[in-house]
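# Understanding the architecture of this molecule
Here is what each chain is made of, one letter per residue.
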Amino acid sequence: MGVKGLTTYARSNRRALSHSISLPSVPLDSDAPRTALVVDAWSLIYSLYFSSGLSWISGGEYAAFGKLLKQLVEGWRAVGLEPVFVFDVRNLLLLKGPASHLKHPTIISRLTATTTHLTLLSRSSPYMRSSSAFLRSIPVLPPLAYDAFASAALASDAECIWDEGEADMRVVREALARDGFWTGNDSDFFVAGVYHKEGKGYAPLDEMTWMAAPEPASGVSGRAGGGDGDGFTVVSGRSSPSTRSSKLVPPSHIDSLTLQVFSPHLLAHQLSLLPSHLPLFAALVGNDFTTASQHSLLFPAGMAGGKRVERVAEVLREATNGKRRRGSPVGETAVEMVERAVRALMLRDPASGLVTKTVDAVISSSLAYLPPVDPSLFSTPSLSHPHAAAVFDLYRTAYGAGRLSPRLLEAVREGVFFSRVIVEDVDLQSVGVRVGRGLREWVWAVLQEGCGIAQLVEEDAAEELEELVERLDLDEGKVNVEDLDEELEPLERPDSTPQLLPLPDRRALYLAAHASSHLAPRVAALPDAYLPLVLAARHAISSMHDSKSAWKERELGAVLAATVVSRRADPPPAAQQSPTFSPANVQIAASLLSSLEASQLLSDALLLSEHLPPAHSLYSGSQLHAFLDVDPGADAGAAYGLEAEELRVWDGLREASLEGLEAAVVRDASVKDRRKEKKARAKERKAGAVGENGNSRGGGKVGGNAGAFALLAELGDE
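For every chain, the first residue of the written sequence is number 1, and numbering continues from 1 along that sequence. Residue-level local features of this predicted model are given only where pLDDT is at least 70; pairs of side-chain atoms are given and counted only at 80 or more, and the full residue set underlies all totals for whole chains, interfaces and linings. Processing note: side-chain calculations cover all non-hydrogen atoms of the structure and skip hydrogens and water entirely.

### Topic: the overall build of the chain
- Helix and strand assignments follow DSSP, with helices taken as H or I runs no shorter than four residues and strands as E runs no shorter than two, numbered in order from the N terminus. Secondary structure summary: the chain contains 29 helices and eleven strands in total.
- By definition in these notes, contact holds between two residues if any of their heavy atoms fall within 4.5 Å. Contacts in the chain between residues at least 24 apart in sequence constitute 78% of all its contacts with a sequence separation of at least 6.
- All accessible-area figures derive from a Shrake-Rupley calculation using a 1.4 Å probe, and residue coverage is judged against the displayed protein chains alone. When the accessible surface of the chain is summed, it comes to about 31000 Å², and 51% of that surface belongs to carbon and sulfur atoms.

### What to know about the nonpolar core
- Here, nonpolar core refers to any group of buried Ala, Val, Leu, Ile, Met, Phe, Trp, Tyr and Cys residues whose side-chain atoms link them within 4.5 Å. Accessibility here uses a 1.4 Å probe with only protein chains present; expressed as a share of the type maximum, an area under 20% marks a residue as buried, one over 50% as exposed, and anything in between as partly exposed. In terms of nonpolar packing, the biggest core is built from 149 residues, with Leu44, Trp76 and Phe85 touching the most fellow members.
- With eleven residues, the top contributor of residues to this core is helix α24 (residues 583–605).
- When residues no more than four places from it in sequence are discounted, the contact partners of Leu44 are Val39, Tyr49, Leu69, Leu72, Trp76, Phe85, Phe149, Leu205 and Leu248.
- Core analysis: the next-biggest nonpolar cluster, separate from the first, contains 55 residues, Ala175, Val191, Ala282 and Val359 among them.

### Brief notes about the environment of Arg308
- If you trace the backbone, Arg308 turns up in helix α13 (residues 305–326).
- Counting along the chain gives 299 residues from Arg308 to Tyr9, while the straight-line C-alpha distance between them is 9.6 Å.
- Those residues in contact with Arg308, other than ones at most four positions away along the chain, are Lys4, Val285, His295, Phe299 and Met303.

### Focus on the environment of Val355
- Inspection of the secondary structure assignment puts Val355 in helix α15 (residues 352–366).
- Residues Val355 and Glu339 lie 16 residues apart in sequence; the distance between their C-alpha atoms is 7.2 Å.

### Some thoughts on helix α11 (residues 278–285)
- Within α11, eight of the eight residues are buried, which leaves it mostly tucked inside the rest of the structure.
- Of the residues one or two after α11, Gly286 is the one with positive phi, at around 120°.

### Considering empty space enclosed by the protein
- In this analysis the probe radius is 1.4 Å and the grid spacing 1 Å, with only protein atoms considered; a cavity is a set of points the probe fits into but cannot get out of, a pocket is an open set with protein on both sides within 12 Å along at least five of seven lines, and lining residues have an atom within 4 Å of a point. Grid points are joined across faces, edges and corners, and a volume is the space filled by probe spheres set on the points. What the rule picks out here adds up to three cavities of 30 Å³ or more.
- By volume, the second largest cavity is sized at about 70 Å³.
- Trp56, Gly59, Ile422, Val423 and Leu593 are, among the 16 residues lining the second largest cavity, the residues nearest its centre.
- The element contributing the most residues to the lining of the second largest cavity is α24, with four residues.
- Residue composition of the lining of the second largest cavity, by class: 13 nonpolar, three polar and no charged. Polar here means any residue other than Ala, Val, Leu, Ile, Met, Phe, Trp, Tyr, Cys and Pro, which are nonpolar, and Asp, Glu, Lys and Arg, which are charged; Gly is therefore polar.

### Observations concerning the packing of aromatic side chains
- Pairs were defined over the aromatic rings of Phe, Tyr and Trp, the Trp ring being its six-membered one, requiring ring centres within 6.5 Å. Orientation was assigned from the angle between planes: stacked under 30 degrees, edge-to-face over 60, tilted for the rest. In the structure shown here, the tally under the stated rule is 17 aromatic pairs.
- When the ring of Tyr640 is compared with that of Trp650, the centres are 6.1 Å apart and the planes differ by 55°; the resulting orientation is tilted. One end of the pair, Tyr640, is in helix α26 (residues 636–640); the other, Trp650, is in helix α27 (residues 644–658), with ten residues separating them in the sequence. Exposure class is identical for Tyr640 and Trp650. Each is buried.

### Regarding the pairing of strand β3 (residues 81–87)
- Most of β3 is tucked away, with seven of its seven residues classed as buried.
- Residue alternation in β3 divides its side chains into two sets, Leu81, Pro83, Phe85 and Phe87 and Glu82, Val84 and Val86, and both sets are buried.
- Each pair of strands is called paired provided DSSP finds at least two bridges between the two strands. The pairing of β3 with strand β4 (residues 159–162) spans four bridges and is classified as parallel. Within β4, the residue paired with Val84 across the bridge is Glu159.

### Focus: the environment of Leu347
- As for its position among the elements, Leu347 is in the loop between α14 (330–345) and α15.
- With relative accessibility at 44%, the residue Leu347 sits in the partly exposed group.
- C-alpha of Leu347 to C-alpha of Pro300: the two residues are 47 residues apart in sequence and 7.5 Å apart in space.
- The residues contacting Leu347, other than those within four sequence positions of it, are Ser296, Leu297, Leu298, Phe299 and Pro300.

### Brief notes about the confidence of the model for the chain
- pLDDT is a per-residue confidence score from the predictor, ranging from 0 to 100. With 76% of its residues at a pLDDT of 70 or more, the chain shows a mean pLDDT of 81.
- Counted against residues more than four places away or in other chains, residues 93–100, with its pLDDT under 50, gives 19 contacts.
- The low-confidence segment residues 473–479 (pLDDT under 50) makes 17 contacts with residues lying over four places distant or belonging to another chain.

### A look at the packing of helix α22 (residues 531–544) against α24
- Axes here refer to lines fitted to C-alpha atoms; in helices the fit is confined to the stretch in contact. Angles between the N-to-C directions go from 0 to 180 degrees. Their axes nearest at 8 Å, the elements α22 and α24 cross at an angle of 120°. Taken together, α22 and α24 sit at an angle that is classed as oblique. Taken as a pair, α22 and α24 cross one another with a handedness that is right-handed. Residue-level inspection shows Pro532, Leu533, Ala536, Ala537, His539, Ala540 and Met544 of α22 in contact with α24, the latter providing Gln587, Ser591, Leu592, Ser595 and Leu596. Oblique is the label for every angle not falling under 35 degrees (roughly parallel), over 145 degrees (roughly antiparallel), or within 65 to 115 degrees (roughly perpendicular). Each crossing gets its handedness from the near helix: less than a right angle anticlockwise from the far helix is left-handed, clockwise is right-handed.

### Quick word on the packing of helix α17 (residues 406–414) against helix α18 (residues 431–450)
- Across the interface, α17 lies against α18 with an axial gap of 11 Å and an inter-helix angle of 60°. It follows from the interaxial angle that α17 and α18 lie oblique. Classified by chirality, the crossing of α18 by α17 is right-handed. Each of Leu408, Ala411 and Val412 in α17 lies in contact with α18, whose residues at this interface are Val443, Trp444 and Leu447.
- Residues belonging to the contact of α17 with α18 are distributed by class as follows: six nonpolar, no polar and no charged.

### Brief notes about unusual backbone geometry
- Located in the positive-phi region is Asp157, a residue other than glycine, with phi close to 65°.
- Among the secondary structure elements, Asp157 is positioned in the loop between α8 (145–155) and β4.
- We note that Leu607 has phi near 60°; this positive angle belongs to a residue other than glycine.
- Take Leu607: it is sitting in the loop between α24 and α25 (621–628).

### Focus: the pattern of salt bridges
- The salt bridge definition used is simple: a Lys or Arg side-chain nitrogen within 4 Å of an Asp or Glu carboxyl oxygen. Enumeration according to the criterion identifies 26 salt bridges in this entry.
- Between Glu174 and Arg178 there is a salt bridge whose closest N-O contact spans 2.9 Å.
- For Glu174, a relative accessible area of 14% gives the class buried.
- For Glu646, the salt bridge goes to Arg568, with nearest N and O atoms at 2.7 Å. A residue pair is termed long-range when its members are at least 10 positions apart, and Glu646 in helix α27 and Arg568 in the loop between α23 (553–566) and α24 qualify at 78 residues.
- In this structure, a network of salt bridges that share partners links the residues Arg522, Glu553, Asp651, Arg654, Glu655 and Arg667.

### Considering the sheet that holds strand β2 (residues 35–40)
- With parallel pairing, four strands are arranged side by side in an open sheet as β4-β3-β2-β5. Of all the strands in the sheet, the pair left with one neighbour each is β4 and β5 (181–183). Sheet twist, expressed as the mean angle between neighbouring strand axes with direction ignored, is 25°.
- Relative to β5, β2 runs parallel, the two being bridged by three bridges.

### Some thoughts on α24
- In a helix, the anticipated span is given by 1.5 Å times the number of residues less one. Helix length check: α24, at 23 residues, gives a terminal C-alpha distance of 33 Å against a target of 33 Å (1.5 Å per residue), a fit within 8%.
- Across the 23 residues that make up α24, a large majority, 21, are buried.
- Of the residues trailing α24, Leu607 is marked for its positive phi of about 60°.

So, in structure tokens, the structure goes:
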């Protein structure tokens with residue numbers, strides 16, 4: 001989000017604040033060095049998913065999302081740019097002085113807005129829910145979008161950096177160090193980097209424009225566009241216009257890419273401010289660390305963002321000029337200058353204590369634009385725990401490689417966990433509580449045992465959001481962080497802290513957390529390729545069995561079939577339209593997603609993610625919703641379009657998913673009858689085959705559990 005109203009102001013004054021650059025396509029075999037494009041990963045996650053038209057009602061189209069990122073990376077490279085992705089601990093900012101809980105109100109506000117979108121979706125008519133315009137107006141980012149994006153970014157061979165604070169300043173520093181552009185969709189980037197040399201500038205994602213080249217003639221090869229010099233051309237017109245593409249994803253045949261490049265120094269010049277005063281300007285206008293009460297103190301309700309920008313600039317100029325006229329030393333008057341600006345902006349004569357509090361908040365908010373004094377998430381002084389140093393060494397390595405969720409670090413450092421919103425039936429208890437929380441309590445127990453969890457500094461969640469905000473305070477928190485001894489029953493207490501155990505022991509703990517799966521031999525024997533899926537399904541079944549949304553046998557079959565089909569070398573494409581909002585189907589998908597997400601967190605906490613497939617690779621929203629509407633009858637293979645070996649895999653997964661949980665799944669009488677009919681027909685076919693040939697077809701045992709699990713074992717060895 002960034003500085004309130006600054007994006008609108010910058011667009012309105014783009015001629016004074018920016019210039020356009022056209023990057024022509026380059027030959028595929030060109031050995032010319034590429035220019036760095038340092039990308040704020042979170043900005044691109046939102047922009048790419050929501051501009052693509054991919055369904056979010058389905059719970060996410062993660063494979064398709066990954067392919068879109070691959071296309072975008074290839075497009076950038078085709079015009080001479082080399083992307084560098086910067087990820088961060090999004091809700092955590094390491095500042096000297098006030099802790100990052102200053103941002104908690106902003107995070108909670110965003111959660112509130114997203115849950116409002118979910119309520120609007122549930123309360124709307126089927127006609128409205130089928131409207132693409134309506135769905136675009138209430139977007140809910142799928143819960144595993146970050147994970148899918150990170151995996152695709154790593155697979156693209158682009159450089160990926162996981163910073164130990166917020167990404168904004170790291171993005172700018174990396175761009176300046178590489179003499180490249182920086183990009184995102186955060187108005188903080190209009191201000192960030194003002195203390196450094198100017199560099200190439202900020203090129204917002206939503207200002208990028210692709211120009212499509214004509215379709216090449218058959219047999220013609222080479223680049224679609226050309227250029228000379230350094231490859232950059234200031235746009236002044238085109239002699240031969242080509243098809244214009246306004247989407248972030250590039251066209252199939254690229255002519256060029258146009259960037260609109262902004263400079264923080266030009267912004268300071270436009271506002272007649274010293275460049276070094278832009279951080280204070282941003283803090284006064286309002287950024288992610290500004291409270292709603294500060295807004296109401298300084299600005300009239302309904303004041304337009306552009307007017308707010310101009311008003312703050314005017315007041316700050318006056319405060320700066322007043323300081324100069326008095327000739328006071330800078331060190332003695334910086335706080336006084338901010339106080340004068342605050343007093344000038346305040347709508348009524350305030351008490352002195354309120355002025356001091358507001359001045360302190362403004363100065364603290366401005367620190368967001370400075371590099372953190374101690375950027376290490378993995379320093380241990382604040383956590384007195386015997387294993388913290390060793391565990392943090394392992395976590396630092398995993399985090400730097402993209403194998404440790406930043407959300408775990410937020411929990412460790414601040415004692416609070418912000419859930420992701422999942423599309424679900426708002427009239428029922430949230431799946432995040434009914435399904436996800438049980439697994440997350442394992443996560444908190446593992447973290448507490450291994451490195452300790454900090455005491456919560458401050459948390460202002462409204463009562464209605466307590467399902468989405470977990471306070472991990474060991475004494476007064478809403479979530480009970482159990483001692484690991486209780487979570488491990490009936491397993492024996494490990495000899496070491498969980499993160500330091502050998503791989504087989506960590507895997508055993510992971511199994512134990514999911515509906516006692518360590519007691520299910522078929523589950524323990526599964527290959528890693530499908531293990532997280534089966535464990536997540538088992539945990540969801542166990543968690544939902546006593547609710548009105550208890551899983552049915554055919555719903556489990558649909559879940560497993562959707563994943564088997566989506567893991568084909570050439571899976572079906574994601575549906576172009578969002579699925580029908582069926583409350584029953586949505587709730588099954590939501591419970592599975594909540595279980596997969598929490599299971600991924602536990603895998604990360606136990607340092608297993610290097611050995612197990614990521615959760616997003618096991619979920620295909622459109623495929624799942626399509627199969628949930630299928631009545632498999634007696635022939636699941638035909639109903640789901642499974643090939644022979646896929647059907648055997650599906651059978652093995654189904655049996656493992658139900659082992660020990662048969663009573664927790666709703667079995668319709670019709671399903672039982674169809675199963676009997678299927679067995680009867682199978683016996684008839686087998687009898688006929690033996691009667692004609694003297695032996696069974698194929699010469700070996702094809703059906704049964706042994707065949708299914710043998711095939712799964714073979715898949716695990718590939």
